Structure formats: structure tokens, C-alpha cells
Amino acid sequence: MKKSLVLGAAALASLVMAAPQAEAGEVKMGGYYMFRMQDANSTVAKDASGVDNIRGWSHRVALNMDFIQDKTTHAHMVVRALDSTTVQGADESIVGSSAGGVGFSSNGAAAGGHGANDWNIRKAWLETEAWGVGLKVGNMPIALNDNILVNNDDTGFGAIMLSKTFGDVTAVLANVRINEDAISGASANAGAGMGADDDDIDLYVLALLGKVGAVNYGVTGAYLDSGKDSDLTATAMGVSGTRAHDGWLALTLNTVLGGVDMTGTAIYETGMNGAPNTAGALRQLKDSGVLAALRLKGDLPGMAKAMGWNAYGMYASENFTPITSRNPVWSKTWDMAGPNAQDLLRNWATAAGVTPESNVWGVGAGLTFVPAANWTINPMIDYVKVVEDDVNNDRLLDRSTNSAWGGGVEVGTMLNPATRLAVTGLYVSPNDKGAGANVNTTSTIDKMHVIEATLKMTF
């Protein structure tokens, strides 16, 4: 947050009429506005006749608000307005509206313009201290083990979190309420989103964060408890009446060695106890799996400090089940971020029957050049491949594509200290195993691309 708005007691009194209250706190507001122009083909399957590629404009307003009472007590809210909304329309029907009563405009919510749903609260939570223990409650951001075990996505996690520091070690304990369901008739007072314990899904997390010498570490244990009548058991797995459990143990280490910043993560997943022992996706859910990832970054030798490089490598076994479905942003080709983002490799993963953290391995690298003041050039390249492309064990490939390479370049400049202009081009080429007797699908494969210009102002 670059700037803040401070409302004292007198200012608050002018806004609301209320009984005398405690001394007013401080309100800070920040965020960004982002405008995007795109030309993209972001699907793996070839477009049917008469189907256009993406060509359009979109924008977003993001607001981050902090309500600070003192150094230990504060609340926060993250809001999206015009989130990925298409920029189009006019106040009235135009273009031929006076000729035969025919006109064209799209400024309403139903037509993709501005409407009632443009205001969306993504996160809202309270932080305070109770008897020397940090306490957070509400819908909050949570990121664990290099954003891989638990990824801080665009929304938030409904949770109660406790934290306490003991010397150089901080312990974090959390109960994340994944799903608060309501089974019809489960309780006389059951309403929407308020049912019995048997229809809930909870994640319990214990993490230890600290530093030993020059090495930062994070150790996390996570346990998933899904009730016998939950959506996971009753709907997704079709085993209503059986509780389901899963567990993860993760270790992340970070240090700087020879001028290279290195972050490594290893995760073991126990497998879903209670999942049916059948072929395909449910068998993957039941069996245990592992994930390993390494991120590297450093400066280019003999170059200015602003010029650098980064690289990653990751492997997720066939049966590894991630906690969150949003990928930990291996690269911009995986996740562009922003309004109407076209995540090319994430879309490829879906078409290949995998996720960015399951049954896949990949490597990638990027460079950062600064050819002139306020200008940066970022080329990048990625390669990704499915680990097991015959999950059903029927001697047929699951999909027509099981690997892809991609990458691109971004050129950006700061128009002023708060506003950045960037032009980005990305390309992904999936391999094509055809649609013959050796695969379980008849889909045809197409190249993917996105070319865009963005303007982003932070405040």
C-alpha cells in the first residue's frame, strides 16, 4: 500500500451519527487498477468453424483496506470491483438506433457490462492478540511452503489461526473450514451453509517456521477430515456414509549459496483414506504421492544487479493430490494473473488430464534485461510433460497430448512511479498423439498464444 487515508475521531463523527465510542483507529486503503487488451487462442482443441479467438478489452479494480486500532488489533478487507469485466457499451443503444428501432449496446450486467455483481469481497479477517498468542479469524490469505502446499489464491481461506513465537521458531496452528455444508433435515436449525459436523470438510494445519544459520525452514503437517455426508464423500467419491481422511507433510528450505537464492520444497501425501479403490482418478486420490520443487534466482555474472535470471523444476507423482487447485505460479506461461488472464499451460494441463501440481513434471527459466532506464525485457521458456499418461491402465493414452513447450517475452516500462505499461507475447505448442486407436479421445490439438498490452496503476 503506497498511500493511506487516516480518519480521526472528528472525521468519523462527520460520517456517522452514533453514541460516543472508543478512540478511532486508522484506515488505510491501497490497491490497483488494471486495463488489458488481448488477442489470444488459449484452448488446446482447434476452434470450430465460426468460433473466434479472444480479442477484446477487460479491466479490474482491486482494493485492499486495513482498519487499524493498534499494533496488535486490526481488520482487513480485499475487494475486487469490475473483476475481469469486459470494457464495452454505451449509455444508450447506438449504431442505427434511429433506423427501424434497431440498436446495439452492451452496458448492462446481462450483456457483460457493468452491473450489480461488480463488487466482490474476496477476503475479510481480523487479527488480534489474546494472552500473548496471535489470533486471526475470518476469510484470510494463507500461504505455506513456498506457496505450494497451500497457495494464497484470489479469494481466501475461512479459518481460525493461532501463532506464537518461541525464540527463533514461530508455531502456527490453523483450522481451515473448507466446506460448511447443509444436508437437508440434518438439523432442525440447519440453514444454507450451516449443517451438522457430518457434512463438513475441515483442514487442520500445524506449521513451524524458523531459521538455522543461513537456512530458513518451514515444516508443515496438514490433515484433512471430511464428514461421511460431505460433498467430497457423498458427491465427488460416491461413498456417502464413509468418512475420508488425507494428510500431507511438507518441508521447505531457503538459503543463498554462491550468490544464488535457492528454495526447495518436498511434500509427501498419505493418500485419501475412505476413497474407493477403483481405476482412474479415484485410484489416484486414494494412493499416496510426492511432490518436489526447486526455484532458483540470481544475478547475471558481470552484469548490473538489476539484470538477473530465474529457473524452476518440479515433479509431482501420478497419485499426488494437492490441497489447493490453483498452481503456485511456476511461470507467467502457467499463470498470467490479472483480469481475464489466459493461463496457457494451466489450460494445457486441463486438456492433458492433469493439474499444475499432480501427475506432471516441468522445467523453466527466464531472464531479466534492463536495456534502458525504466525498461525491462523478460524472455522465458517452459517444458512440461505428463508423468503417467495411461491412468486407467487400459494400454491407451488418456489424452491426445501429453507434453508441451512454451514461453515468450514481456517488455515493460514505468510510465511514472505508480503506472506500468507492459506488452507480452506467449506461445505454447502441445504435442499431438493423434486421435487414432491408441488414445481415448478424438480431440484435435492446436497451438496456443496470447498477445496483450496492459496498463496497471498501483495506489
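Residues numbered from 1 in each chain as written. Predicted model: local features only at pLDDT ≥ 70, side-chain atom pairs only at ≥ 80, totals over all residues. Heavy atoms only, no water.

**Some points on the layout of surface pockets**
Selection rule: Only protein atoms enter the calculation, which uses a 1 Å grid: trapped sets of points that fit a 1.4 Å probe without letting it out are cavities, open sets showing protein on both sides within 12 Å along at least five of seven lines are pockets, and any residue with an atom within 4 Å of a point is a lining residue. Grid points are joined across faces, edges and corners, and a volume is the space filled by probe spheres set on the points. Strands here mean DSSP runs of E at least two residues long; helices mean DSSP runs of H or I at least four residues long; both are numbered from the N terminus. Only Asp, Glu, Lys and Arg are considered charged in this grouping, and only Ala, Val, Leu, Ile, Met, Phe, Trp, Tyr, Cys and Pro are considered nonpolar; every other residue, Gly among them, is considered polar.
In this structure, the largest pocket occupies an estimated 810 Å³ of space. In this structure, the largest pocket is lined by 34 residues; those nearest its centre are Leu232, Leu285, Thr321, Pro322 and Ile323. Secondary-structure elements contributing two or more residues to the lining of the largest pocket are strand 6 (157-166), strand 7 (169-180), strand 8 (200-212), helix 3 (231-236), strand 10 (244-257) and helix 4 (281-286). Broken down by element, the lining of the largest pocket gets its largest block of residues, four residues, from helix 4. Of the residues assigned to the lining of the largest pocket, the class counts are 21 nonpolar, ten polar and three charged. As a volume, the second largest pocket reaches approximately 550 Å³. What lines the second largest pocket is a set of 23 residues, and nearest its centre among them are Tyr32, Arg80, Asp154, Arg326 and Ala337. Examining the composition of the lining of the second largest pocket, we find that three residues originate from one element, strand 2 (residues 54-68), more than from any other. Of the residues belonging to the lining of the second largest pocket, the class tally is eight nonpolar, six polar and nine charged.

**Remarks on empty space enclosed by the protein**
Where empty space is left becomes clear once a probe the size of a water molecule has been rolled over the atoms. One pass over the full model with this rule turns up one cavity of 30 Å³ or more. Reported here for the largest cavity is a volume of approximately 30 Å³. Ala352, Val386, Asp389, Asp398, Arg399, Thr401 and Asn402 together form the lining of the largest cavity. Tallied by class, residues from the lining of the largest cavity come to two nonpolar, two polar and three charged.

**Remarks on a nonpolar patch on the surface**
In plain terms, the rule: For patches, a residue must show more than 30% relative accessible area and have no salt bridge; joins then use 9 Å for like charges and 5 Å for nonpolar side chains, namely Val, Leu, Ile, Met, Phe, Trp and Tyr. Shrake-Rupley sampling with a 1.4 Å probe provides the accessible areas, and residues are treated as covered by the protein chains on show and by no other component. Salt bridge criterion: a side-chain nitrogen from Lys or Arg within 4 Å of a carboxyl oxygen from Asp or Glu. The cut-offs for exposure are 20% and 50% of the maximum accessible area for each residue type, with area from a 1.4 Å probe on protein chains only; residues under the lower value are buried, those over the upper are exposed, and the others partly exposed.
Nonpolar side chains collect at one region of the surface, where Leu162, Leu173, Leu206, Leu208, Val215, Val219, Leu249, Leu251, Leu253, Tyr268, Val290 and Tyr315 lie side by side and expose about 970 Å² of accessible area between them. Counting residues per element, the ones that place at least two in the nonpolar patch are strand 8, strand 9 (215-226) and strand 10. No other element matches strand 10, which puts three residues into the nonpolar patch. Note on placement: Val290 falls in strand 12 (residues 289-299). With relative accessibility at 37%, the residue Val290 sits in the partly exposed group.

**A few points about unusual backbone geometry**
Not every positive phi belongs to a glycine, and Asn359 is a case in point at roughly 55 degrees. Along the chain, the position of Asn359 falls in the loop between helix 5 (344-351) and strand 14 (360-368). Using a relative accessible area of 2% as the deciding quantity, one classes Asn359 as buried. One non-glycine residue, Asn374, adopts positive backbone phi at about 70 degrees. Within the secondary structure, Asn374 is located in the loop between strand 14 and strand 15 (375-386).

**A closer look at the environment of Thr321**
In plain terms, the rule: In this analysis, two residues are considered to be in contact whenever any of their non-hydrogen atoms come within 4.5 Å of each other.
Within the fold, Thr321 resides in the loop between strand 13 (308-316) and helix 5. Setting aside chain neighbours within four positions, we find Thr321 in contact with Asp246, Trp248, Glu269, Gln284 and Leu285.

**Comments concerning the packing of aromatic side chains**
The following threshold applies: What counts as a ring pair is set by centres within 6.5 Å for rings of Phe, Tyr and Trp (its six-membered ring), and what kind of pair is set by the plane angle: stacked under 30 degrees, edge-to-face over 60, tilted for all other angles.
Counted under the stated rule, the structure contains four aromatic pairs. Centre to centre, the rings of Tyr312 and Trp330 are 5.9 Å apart; their planes meet at 20 degrees, and the pair counts as stacked. Of the two residues, Tyr312 sits in strand 13 while Trp330 sits in the loop between strand 13 and helix 5, which places them 18 residues apart along the sequence. Of the residues examined, Trp330 reaches a relative accessible area of 5% and is grouped as buried.

**Points about helix 5**
Residues separated by three or four positions in an α-helix point in the same direction, a consequence of the helix having 3.6 residues per turn. Definition in use: The arc in question is formed by the directions pointing from the helix axis toward the C-beta atoms.
For helix 5, every residue scored as buried is listed here: Leu344, Leu345, Trp348 and Ala349. Relative to the axis of helix 5, the buried residues are bounded by an arc of 140 degrees and lie together on one face.

**A closer look at the pairing of strand 16 (residues 403-416)**
Here is the rule we go by: DSSP-based pairing: two strands are paired if at least 2 bridges between them are found.
Direction of pairing for strand 15 relative to strand 16: antiparallel, over a ladder of eleven bridges. In the sheet register, Trp375 faces strand 16, and the bridge partner there is Thr413. Two elements, strand 16 and strand 17 (residues 419-430), share twelve bridges in a ladder whose sense is antiparallel. Within strand 17, the residue paired with Val411 across the bridge is Val423. Where strand 16 folds back on strand 17, the antiparallel hairpin that results is connected by two residues.

**Observations regarding the pattern of salt bridges**
All told, the structure shown has 13 salt bridges when counted by the stated rule. Arg36 is paired through a salt bridge with Glu452; the nearest N and O atoms lie 2.8 Å apart. A residue pair is termed long-range when its members are at least 10 positions apart, and Arg36 in strand 1 (residues 26-41) and Glu452 in strand 18 (residues 448-458) qualify at 416 residues. When sorted by exposure, Arg36 lands in the same class as Glu452, which is buried. Three or more residues are tied together by salt bridges with common partners; here these are Arg60, Arg80, Asp83 and Arg122.

**Brief notes about the nonpolar core**
Applied cut-off: In this text, buried Ala, Val, Leu, Ile, Met, Phe, Trp, Tyr and Cys residues form a nonpolar core when linked through side-chain atoms within 4.5 Å.
Ranked by internal contacts, the top residues of the largest apolar core, which has 57 residues, are Ile142, Met237, Trp248, Ile267, Met272 and Trp348. Non-local contacts of Ile142, meaning those with residues more than four positions away in its chain, are made with Val150, Asn151, Asn152, Phe157, Ala159, Met161 and Val176. One finds Val61, Val79, Ala81 and Leu82 within the second-largest nonpolar core, a separate group that totals six residues.

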